[in-house]
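An overview of the molecular structure
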Amino acid sequence: LNEYLSDMTDILLKNKGTLDKYEGDAILAMFGAPISMETHAEKAVDTSVEMQNKLKELRIKWSKSDKWPKSVHHMFMRIGISSGEFVVGNMGSTLRMDYTMMGDVVNTAARLESAAKIYGIGNCCDIKTFKLVDGKKYLYRYIDKVLLMGKSEAVEIIEIIDFTDNVDKEDSRLKMVNYFNKGISYYNSSNWKAAIEQFKKS
């Protein structure tokens, strides 16, 4: 766990993110505070992709050792990404304070991380954030509209899979995305049978 958290935190800090806190094996982080950053969305998405790619390297490393159980060899990580205004500063009691963040966007990011488990995806990003980045930079797929706890309107979510520079024409992930996108298109036009066929292929 310490090796995992160390490597992930190194990536976060390299991309000028601010570490809020650790909660067990979870990392809470923000971009754009305490120093404003115009590229906060891009830095957050970049960090999520780099973290997932680093975890792949760690899984290969851990699987070569008899030291760890198979659950470690297959460790999976979920990341929720959202953008917006939030309150940030030193909060707490007279005995102890932490520099932390509060607000609806923080809750949304946490809910997106939970939603990722339902969809079986790693990086769950809301479309509001994705509109702030150059989509051509990433291999991604539109997932769904999801009604998050505490929200009255559905949130559209995107899975960020990898940097396009890491994907060639023969990459199975690219084929998967193409099939999935066709499935979504059929799904949105209520052609259920054709949608299911594409989703199965994906």
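Description of the structure in this document. (Residues numbered from 1 in each chain as written. Predicted model: local features only at pLDDT ≥ 70, side-chain atom pairs only at ≥ 80, totals over all residues. Heavy atoms only, no water.)

1. Overview of the pattern of salt bridges
Pairing between side chains becomes possible if they bear opposite charge and their charged atoms approach one another. Put simply, the test is: By salt bridge we mean one thing: a side-chain nitrogen of Lys or Arg within 4 Å of a carboxyl oxygen of Asp or Glu. By the criteria applied, helices consist of DSSP H or I runs no shorter than four residues and strands consist of E runs no shorter than two, each listed in order from the N terminus. Exposure categories follow from relative accessible area, calculated using a 1.4 Å probe and restricted to protein chains: below 20% of the type maximum is buried, above 50% is exposed, and the middle band is partly exposed.
By the definition in use, this model includes 12 salt bridges. Taking the shortest distance from any N to any O, the salt bridge between Glu 57 and Lys 54 comes out at 3.3 Å. One end of the pair, Glu 57, and the other, Lys 54, are both in helix H2 (residues 40–63), 3 residues apart, so they sit about a helical turn from each other. A relative accessible area of 26% places Lys 54 in the partly exposed class. Within this structure, Glu 42, Asp 46 and Lys 137 form a network of salt bridges that share partners.

2. Concerning the nonpolar core
Here is the rule we go by: Nine residue types can take part in a nonpolar core, namely buried Ala, Val, Leu, Ile, Met, Phe, Trp, Tyr and Cys, and a core is a set of them joined through side-chain atoms within 4.5 Å. Throughout, a residue-residue contact means that at least one pair of heavy atoms, one from each residue, lies within 4.5 Å.
Core analysis: the largest hydrophobic core is formed by 25 residues, its most contacted members being Tyr 4, Tyr 138 and Ile 160. Only helix H1 (2–14), H2, strand E3 (79–81) and strand E8 (155–163) provide two or more residues apiece to this core. When residues in this core are grouped by element, the largest group, 8 residues, is from H2. Not counting chain neighbours up to four residues away, the residues in contact with Tyr 138 comprise Glu 42, Val 45, Asp 46, Val 49, Phe 130, Val 133, Ile 160, Asp 162, Phe 163 and Thr 164. Ala 115, Ile 121, Leu 148 and Val 155 belong to the second largest nonpolar core, which has 17 residues in total.

3. Regarding the layout of surface pockets
Note the threshold: Definitions used for this entry: grid spacing 1 Å over protein atoms alone; cavity, a set of points where a 1.4 Å probe fits but cannot get out; pocket, an open set with protein on both sides within 12 Å along at least 5 of 7 lines; lining residue, one with an atom within 4 Å of a point. Grid points are joined across faces, edges and corners, and a volume is the space filled by probe spheres set on the points. Gly is put with the polar residues, along with every residue not named as nonpolar or charged; the nonpolar set is Ala, Val, Leu, Ile, Met, Phe, Trp, Tyr, Cys and Pro, and the charged set is Asp, Glu, Lys and Arg.
For the largest pocket, the calculated volume is near 950 Å³. If you trace the largest pocket, you find 34 residues lining it, with Ile 27, Leu 28, Ala 29, Ile 79 and Gly 80 closest to the centre. Only H1, strand E2 (26–30), H2, E3 and helix H4 (104–119) provide two or more residues apiece to the lining of the largest pocket. Of the residues belonging to the lining of the largest pocket, the class tally is 23 nonpolar, 8 polar and 3 charged. Of the pockets and cavities examined, the second largest pocket occupies roughly 270 Å³. Taken together, 15 residues make up the lining of the second largest pocket; nearest its centre are Lys 56, Phe 76, Gly 122, Glu 159 and Ile 161. The set of elements that each furnish at least two residues to the lining of the second largest pocket consists of H2, E8 and helix H6 (172–188). Counting residues per element, the lining of the second largest pocket draws most heavily on H2, which supplies 4 residues. Of the residues assigned to the lining of the second largest pocket, the class counts are 6 nonpolar, 4 polar and 5 charged.

4. Observations concerning the packing of aromatic side chains
Under the convention used in this document: Note on aromatic contacts: the rings of Phe and Tyr and the six-membered ring of Trp form a pair at centre separations within 6.5 Å, being stacked when their planes are under 30 degrees apart, edge-to-face when over 60 apart, and tilted otherwise.
According to the stated counting rule, one finds 4 aromatic pairs in the structure shown. Relative to Tyr 140, the ring of Phe 130 has its centre 4.4 Å away and its plane inclined at 55 degrees; by these criteria the two rings are tilted. Here Tyr 140 lies in strand E7 (residues 138–146) and Phe 130 lies in helix H5 (residues 127–130), a separation of 10 residues in the sequence. Residue Tyr 140 is classed as partly exposed on the basis of its relative accessible area, which comes to 32%. Ring geometry for Tyr 187 and Trp 192: centres 5.6 Å apart, planes at 70 degrees, overall edge-to-face.

5. Some remarks on the sheet that holds strand E6 (residues 123–126)
Which entries qualify depends on this criterion: Any two strands between which DSSP finds at least two bridges are classified as paired. Only C-alpha atoms enter the line fits that serve as axes; for helices the fit covers just the stretch in contact. Angles between N-to-C directions range over 0 to 180 degrees.
Taken in spatial order, the 4 strands of this open sheet run E3-E6-E8-E7, and their pairing is mixed. In this open sheet, the two edge strands, each paired with only one partner strand, are E3 and E7. The average undirected angle you get between the axes of adjacent strands in this sheet is 25 degrees. In the packing of H4 onto the sheet, contacts are made with E3, E6, E7 and E8, and the angle to E3 comes to roughly 135 degrees. Lying over the sheet, H6 contacts E7 and E8, oriented at roughly 35 degrees with respect to E7.

6. Some remarks on the pairing of E2
When strand E1 (residues 18–23) meets E2, the two strands line up antiparallel, connected through 5 bridges. Bridging across to E2, Thr 18 finds its partner in Met 30. Two successive antiparallel strands, E1 and E2, enclose a turn made up of 2 residues, where Gly 24 displays a positive phi of approximately 65 degrees.

7. Section: H6
For clarity, the cut-off: Helix span, as expected, comes to 1.5 Å for every residue beyond the first. Within 3.5 Å is the distance limit for a polar contact, defined as a pair of N or O atoms, with the added protein rule that one can donate a hydrogen and the other accept it, and that residues adjacent in sequence qualify only through two side-chain atoms.
The terminal C-alpha atoms of H6, which comprises 17 residues, lie 24 Å apart, in line with the 24 Å expected from a rise of 1.5 Å per residue. Those residues of H6 that are buried lie in contact with H2, E7, E8 and helix H7 (192–201). The opening residue of H6 is Asp 171, an N-cap whose side-chain oxygen sits 2.8 Å from the backbone nitrogen of Arg 173. Positive backbone phi, approximately 65 degrees, marks Ser 190, located one or two places after H6.

By themselves these figures say nothing about function.
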